[in-house]
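Letter by letter, the chains look like this.
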Amino acid sequence: MKRILPIFVMFYTMSLCAQGELVQVSYGQSYKNQTYYRLADDAVASLDNNSWDIALTTFGDVAGIHLNESSVTFGAEAALYLAPTNNFDDPINSADLTERLYNEEKSWDFGAFNSTRDPNDPNDFGWGNLDAGVITGDEVFAIKFKDGSYKKLQIVSLDQGVYTIKYADLDGSNENTITIDKANFTDTDFAFLSLTSGQTLPSISFDWDLAFVRYAAPNDDGSGGVIQIVSSGVLSAPGVEVAQADNVIPEEVEYDDYIDSLSSDIDIIGWDWKIFNNVSWELAENRAYFVKTTDGAVWKLVFMEFGGSSTGNAVFSKELVLTSGIAEKSPVGEVNIYPNPTSGQTTLLFSVEKAGPARLMVSNIFGQTVWTGSFAAQSGFNAATLPLEGLSTGQYQVTISFGNEILTEKIVKL
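Rules and cut-offs
- Residues numbered from 1 in each chain as written.
- Predicted model: local features only at pLDDT ≥ 70, side-chain atom pairs only at ≥ 80, totals over all residues.
- Heavy atoms only, no water.
- Salt bridge = Lys/Arg side-chain N within 4 Å of Asp/Glu carboxyl O.
- Helix = DSSP H or I, 4+ residues; strand = E, 2+ residues; numbered from the N terminus.
- Buried < 20%, exposed > 50% of the residue type's maximum accessible area, 1.4 Å probe, protein only.
- Pairing = 2+ DSSP bridges.
- Axes fitted to C-alpha atoms, helices over the stretch in contact; angles between N-to-C directions.
- Lys, Arg positive; Asp, Glu negative; His and termini not counted.
- Contact = heavy atoms within 4.5 Å.

A. Quick peek at the pattern of salt bridges. Tallying each qualifying case throughout the model produces ten salt bridges. Residue D272 is joined to R287 by a salt bridge in which the shortest nitrogen-to-oxygen separation is 3.7 Å. Here the residue D272 occupies a position in the loop between β19 (241-246) and β20 (274-276), and R287 occupies one in strand β22 (residues 287-292), the gap between them amounting to 15 residues. A residue is classified by how much of its surface remains accessible, and D272, at 28% relative accessible area, is partly exposed. Classification of R287 as buried rests on a relative accessible area of 13%. One salt-bridge network, in which partners are shared between bridges, spans D246, D272 and R287.

Written as structure tokens, this is what we have:
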């Protein structure tokens, strides 16, 4: 069921939001902006959709590179292609660019430039391969810009936190090389790069929770296939988890019923909270979202209005249903891993307030589980052995689940 937005929607909104508050976040007229938003204080920061071309992850040890897929109403979006050659010096004919690449919109760890990776190889990042601590580029790409012009480019390397990027016209003219040091972006998750200017944008100066952006999303083409359509949607920030509650009474639905449905996929809210029926916008009926931010707070969101391209305004109610976990005493104390890095067996050190079963899990950088185990934790200090001898070299994530508490640590296998 969908509900069509009537004239009296604001009366309905005020009734529904008796326990929450209304918030308006805007894409701007004709979807000219992408806006980053924080739930705790309604802080926002907007970037012009035409101000950058690619975004490079600057957090942790990941090497995700995303294409700016946004566009204004009825405007052309940028397109990324895998070049028919892996030699940057070879000239490229635009007619030979047939393999188009898209952001997956499931994790900020990987973008369109990572989409050719082998998910079973933790050292394969798509645009390059990890060896001896350095990711060296082995693919050439081509970008078709919104104005129809092209550039070829290669991510040359990521070495000691420094990206090196080379780009030129398709015939090899106007070649440029730039470097971007992650150390210069410690207060943000991404470096937004304009290939026109060769410069990065000023950082978003606060920790955001939700991004109101236009992006290419897979849709049913009506014939059993999938077509990518640029849509306005909402993506969650790194570390934020979201649960979608359907077929509920939004003002009555409880978070406790959806704790196990929380997901770190960044497109849980996505684009389908509203649909255009060729006449007006309809909002998904009987739906709410629970958003758990990185400080442990949980918010309930219900979308109330959408202005489409005429205003770009999205209106939703927000209600704080669980205060920050920082103020609550965790049942699990500090977690450490020793040795780290390790060439084989290692030990997970942690403490708990009372005895109980703990579940241990090791996953690779693609989120695939490579080992699980259980441990009978005793009150106080505990030491659990993790057998990592058979794993390939690379970075892994160790997760310990104890009661409702889930903690993670990164480990490097040599």
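B. How the structure looks around the sheet that holds strand β30 (residues 394-402). The antiparallel open sheet is built from four strands, whose spatial order is β28-β27-β30-β31. Two strands bound the open sheet, and with one partner strand each, they are β28 (369-377) and β31 (405-413). Averaged over all adjacent pairs, the angle separating strand axes in this sheet is 20°, with direction ignored. Two strands pair when backbone bridges link them, and strand β27 (residues 356-364) and β28 are joined in this way by eight bridges, in the antiparallel orientation. Across the sheet, the residue bridging to A358 is F375, located in β28.

C. Structural view of the side chain of K182. By the element assignment, K182 lies in the loop between β14 (176-181) and β15 (190-194). One buried charge, K182, has no salt-bridge partner; the nearest side chain with opposite charge is D61, at 5.9 Å. When neighbours within four sequence positions are excluded, K182 is seen to be in contact with T57, T58, F59, G60, D61, V62, L158, G161 and Y163.

D. Spotlight on the environment of S205. Turning to its location among the elements, S205 is positioned in the loop between β16 (199-200) and β17 (210-220). Its relative accessible area of 66% is what places S205 among the exposed residues. Note: C-alpha distance between S205 and D187 (18 residues apart in sequence) is 6.9 Å.

E. How the structure looks around the sheet that holds strand β23 (residues 298-306). Reading across from one edge, β2-β24-β23-β22-β19 is the order of the five strands in this open sheet, with antiparallel pairing throughout. Edge positions in the sheet fall to β2 (21-26) and β19, since each of these pairs with one other strand and no more. Between one strand axis and the next, the sheet turns by 30° as a mean value, whatever way the strands run. Alignment of β19 against β22, held across six bridges, turns out to be antiparallel. Along β22, the bridge assignment pairs V242 with V291.

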